[in-house]
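Letter by letter, the chains look like this.
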Amino acid sequence: VSALIPQMLAPPAPKQAAVKEGWTRIGAQPQKSHAAALMSDTPATFALLLGLFAFFAVIRVKRWTGDTVGASAESIEGRQYWRLLTSNLAHVDATHFVFNLSTAYSLGGALERRHGSAALLWSTAALVVFVGLVAASLTRHAGGAVGAWHLGFS
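Residues numbered from 1 in each chain as written. Predicted model: local features only at pLDDT ≥ 70, side-chain atom pairs only at ≥ 80, totals over all residues. Heavy atoms only, no water.

Enquirer: How would you summarise the packing of helix α3 (residues 43-62) against helix α7 (residues 94-115) if you had to cite specific residues and measurements?
Expert: Direction vectors running N to C along α3 and α7 enclose 165 degrees, while the axes themselves pass 9 Å from each other. Compared by their axis directions, α3 and α7 come out roughly antiparallel. As α3 packs across α7, the resulting crossing turns out to be right-handed. On α7, the residues touching Pro 43, Ala 44, Thr 45, Leu 49, Leu 52, Phe 53 and Phe 56 of α3 are Ala 94, Phe 97, Leu 101, Ala 104, Tyr 105, Gly 108, Gly 109 and Glu 112. (Axes fitted to C-alpha atoms, helices over the stretch in contact; angles between N-to-C directions. Helix = DSSP H or I, 4+ residues; strand = E, 2+ residues; numbered from the N terminus. Parallel < 35°, antiparallel > 145°, perpendicular 65-115°, else oblique. Left-handed = near helix turned anticlockwise from the far one by under 90°. Contact = heavy atoms within 4.5 Å.)

Enquirer: Just give me the short version of α7, but keep the residues and values in it.
Expert: With 22 residues, α7 extends 30 Å from end C-alpha to end C-alpha; this agrees with the ideal 32 Å at 1.5 Å per step. Of all the positions in α7, only His 96, Phe 97, Asn 100, Gly 108, Gly 109 and Glu 112 are classed as buried. N-cap assignment for α7: the residue whose side-chain oxygen lies 3.3 Å from the backbone N of Thr 95 is Asp 93. Count one or two residues on from α7 and you reach Gly 116, which has phi positive near 100 degrees. (Expected span 1.5 Å × (residues − 1). Buried < 20%, exposed > 50% of the residue type's maximum accessible area, 1.4 Å probe, protein only. Polar contact = N/O pair within 3.5 Å; in protein donor to acceptor, adjacent residues only side chain to side chain.)

Enquirer: Could you give an account of the nonpolar core, naming the residues involved and the relevant values?
Expert: Grouped together as the largest cluster of nonpolar side chains are eight residues: Leu 52, Phe 55, Phe 56, Ile 59, Val 69, Leu 89, Ala 90 and Phe 97. Considering every element that reaches this core, the biggest residue donor is α3, with four residues. (Core = buried A, V, L, I, M, F, W, Y, C linked by side-chain atoms within 4.5 Å.)

Enquirer: Go over the environment of Val 58, please, and point to the residues and values.
Expert: Turning to its location among the elements, Val 58 is positioned in helix α3. We classify Val 58 as partly exposed; its relative accessible area is 32%. With residues near it in sequence (within four places) discarded, Val 58 still touches Arg 63 and Trp 64.

Enquirer: Tell me about the environment of Arg 60, and name the residues and values.
Expert: Along the chain, Arg 60 falls in helix α3. Judged by its relative accessible area of 34%, Arg 60 falls in the partly exposed class. Counting along the chain gives 33 residues from Arg 60 to Asp 93, while the straight-line C-alpha distance between them is 9.3 Å.

Enquirer: If you had to explain the packing of aromatic side chains to someone new, which residues and values would you point to?
Expert: Tallying each qualifying case throughout the model produces three aromatic pairs. The interplanar angle of 5 degrees and the centroid separation of 4.1 Å between the aromatic rings of Phe 56 and Phe 97 together place this pair among those described as stacked. Of this pair, Phe 56 sits in helix α3 while Phe 97 sits in helix α7, and the two are 41 residues apart along the sequence. When sorted by exposure, Phe 56 lands in the same class as Phe 97, which is buried. Counting every residue linked through ring pairs, the aromatic cluster contains Phe 53, Phe 56 and Phe 97. (Phe/Tyr/Trp six-rings, centres within 6.5 Å; stacked < 30°, edge-to-face > 60°.)

Keep in mind these numbers describe shape, not what the thing actually does.
What follows is the structure, given as structure tokens:
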């Protein structure tokens with residue numbers, strides 16, 4: 001009887017998760033899904049990817065063009081500063097968008113893991129504004145709105 005009391009008071013042994021045959025190695029820990037790992041390991045990269053996808057969807061639904069979202073010297077002088085951002089987010093077609101999304105995923109995730117979320121967001125914001133200003137300054141010589149849509153920057 002005295003041998004049964006410690007066993008009754010001991011916490012129950014953790015239950016092993018049911019694993020389908022052939023899906024994992026014996027003794028392997030349960031793995032996070034790819035999406036769950038992206039959200040938890042690199043939240044800033046996930047937010048950037050989500051933002052890119054949302055803006056691409058809006059551009060397609062509203063049928064905006066480079067003239068609608070591109071940066072130009074005139075648009076900046078007219079205080080349309082939002083065009084510094086949107087000119088970098090515009091994508092000519094779905095193929096361009098997918099390649100940029102895959103680049104943002106691989107480089108963004110690596111940079112965020114190495115330098116942190118804040119560094120990734122600040123450096124991305126600085127780069128977007130810089131490229132937007134370059135695109136706007138080029139319109140002095142090229143004429144019209146310029147941005148990712150016309151120059152291929154993105």
